[in-house]
Amino acid sequence: MHQQGGVANGEVRLNAGIDVSKLHLDVCVGTTQQRVANDANGWNELTAILQAEQVDLVVLEATGGYERCLVCALQSAGVCVARVNPRQARDFAKSMGVLAKTDQVDARVLRDFADVLSHHADRHKFVTPMLDQARQALAELMTRRRQLVDMRVAEHNRLEHAGPRAARSIGSVLKLLDKQIAAIDAHIDDHMDQHFKTQRQLLDTVKGVGPVTILTLTAALPELGRLGRRQIAKLVGVAPLADDSGGRSGKRRTWGGRSEVRSVVYMAAIVAMRHNDVIRAFYERLVQAGKPKKVAIVACMRKLLTILNAMLRDQAIWAATRHLKPSEQT
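Everything numeric in this text was worked out from a predicted model, so none of it was measured.

Overview of unusual backbone geometry
Of note, Gln54 is a non-glycine position whose phi angle comes to about 55 degrees, a positive value. Along the chain, the position of Gln54 falls in the loop between helix H1 (40–52) and strand E4 (58–61). Positive phi values are uncommon outside glycine, yet Gln315 reaches one of about 55 degrees. Tracing the sequence through the fold places Gln315 in the segment after helix H13 (293–314).

Describing the pattern of salt bridges
On inspection of all chains with the given rule, the structure shows 18 salt bridges. The salt bridge involving Asp26 is made with Arg35; its shortest N-O contact spans 3.1 Å. Of the residues examined, Asp26 reaches a relative accessible area of 3% and is grouped as buried. In this structure, the salt-bridge partner of Asp189 is Arg200, at a minimum N-O distance of 2.7 Å. On the criterion of sequence distance, the pair formed by Asp189 in helix H7 (residues 164–195) and Arg200 in helix H8 (residues 197–203) is long-range, its members being 11 residues apart.

Looking at the layout of surface pockets
Looking at the largest pocket, its volume works out to about 2500 Å³. Together, 49 residues line the largest pocket, and Arg83, Ala220, Glu223, Leu235 and Arg258 are the ones closest to its centre. Of all the secondary-structure elements, those providing two or more residues to the lining of the largest pocket are helix H2 (68–76), strand E5 (81–84), helix H3 (86–95), helix H5 (123–126), helix H6 (133–159), helix H9 (211–220) and helix H10 (229–236). Ranked by residues supplied to the lining of the largest pocket, first place goes to H6 with seven residues. There is about 380 Å³ of room inside the second largest pocket. For the second largest pocket, the lining is made up of 13 residues, of which Pro240, Arg252, Arg253, Thr254 and Val295 are closest to its centre. In terms of residues, the lining of the second largest pocket owes the most to one element, H13, which gives six residues. Each residue belonging to the lining of the second largest pocket can be placed in one class, and the counts come to six nonpolar, one polar and six charged.

Brief notes about the pairing of strand E2 (residues 24–29)
Put simply, side chains in a regular strand alternate between the two faces of the sheet. The buried fraction of E2 amounts to six of the six residues, a majority that puts the element mostly inside the structure. Side chains His24, Asp26 and Cys28 of E2 all project onto a buried face; the interleaved residues Leu25, Val27 and Val29 project onto the opposite face, where all are buried too. In this sheet, E2 lies alongside strand E1 (residues 16–20) in antiparallel orientation, the contact comprising five bridges. The residue bridging Gly17 from the neighbouring strand is Cys28, located in E2. Linking E1 back to E2 in an antiparallel pair, the connection comprises three residues. Bridging between E2 and strand E3 (residues 32–37) involves six bridges; their strand directions are antiparallel. Of the residues in E3, the one forming a bridge with Val29 is Thr32. Linking E2 back to E3 in an antiparallel pair, the connection comprises two residues, with Gly30 at a positive phi of about 65 degrees.

Here is what the cut-offs are and how they apply
Residues numbered from 1 in each chain as written. Predicted model: local features only at pLDDT ≥ 70, side-chain atom pairs only at ≥ 80, totals over all residues. Heavy atoms only, no water. Helix = DSSP H or I, 4+ residues; strand = E, 2+ residues; numbered from the N terminus. Salt bridge = Lys/Arg side-chain N within 4 Å of Asp/Glu carboxyl O. Buried < 20%, exposed > 50% of the residue type's maximum accessible area, 1.4 Å probe, protein only. 1 Å grid on protein atoms, 1.4 Å probe; cavity = no way out; pocket = protein on both sides within 12 Å on 5 of 7 lines; lining within 4 Å. Points joined across faces, edges and corners; volume = space filled by probe spheres on them. Nonpolar A, V, L, I, M, F, W, Y, C, P; charged D, E, K, R; others polar. Pairing = 2+ DSSP bridges.

Printed below as a string of structure tokens:
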């Protein structure tokens, strides 16, 4: 029965929130809270609890990888999972007046967040899709490559002030890191050829888009080619967001999004502004119109991303004539 005496249209299913840490999982289902270990036995126990309660939606935070196996276990059991950004969860908690932060409190807040998302009109946008094993393996290779490159940069920076003996040690480490990076690059090439050859070939036809950009877009932006231009720009963090209130019209700014993708798109746009006729003409037109150069660069990033998104959507190779205005074509 409804609170006002009417008959409810359907059975109300419970939602759950899970606070993930390295060693344990705090779960809140309805008004019940429980802690289980963050291991295979704990995942099985938690899955059984959620299935017994016929939970509609589970919300948990992205915690740097500690939640990855749990998400796979829940999805394999048919449980609907939404993995949200920790900033979103914390902002939601503050909006509810919850300022304290403990594992149990966080689990309850995530349950409340699940209650909201489960009835949201755009619920499907928050639900985490099934994990693509091939893309996950590529993401792990990408992460390891970035770690090795960061270590090589750190060692190279130390070389400037190193004495003779320290310099020899640094040199040995640099040689080892170069070998490891070459080995990782070979693994990445093989994996891309096996699983993402078509996407790689399409993106490789664009001037300014190099191997690292293709790797990052493939591994960290699986939505490329599946979303509209506005949605993909917001996802990466290159869409200007409004800041208006009443009669005030604030300055549009870009923020948020996936930083690792945005970084490689920035470098690709800088290169494309020199060597890609479409992006160069677009940049020059914006600057001549009086746009600040930083604004023009971000606009070039957005345009390049939009083009790549359309290419994958249509499975079409690069064609400059599609994107140049008639006055810009030679």
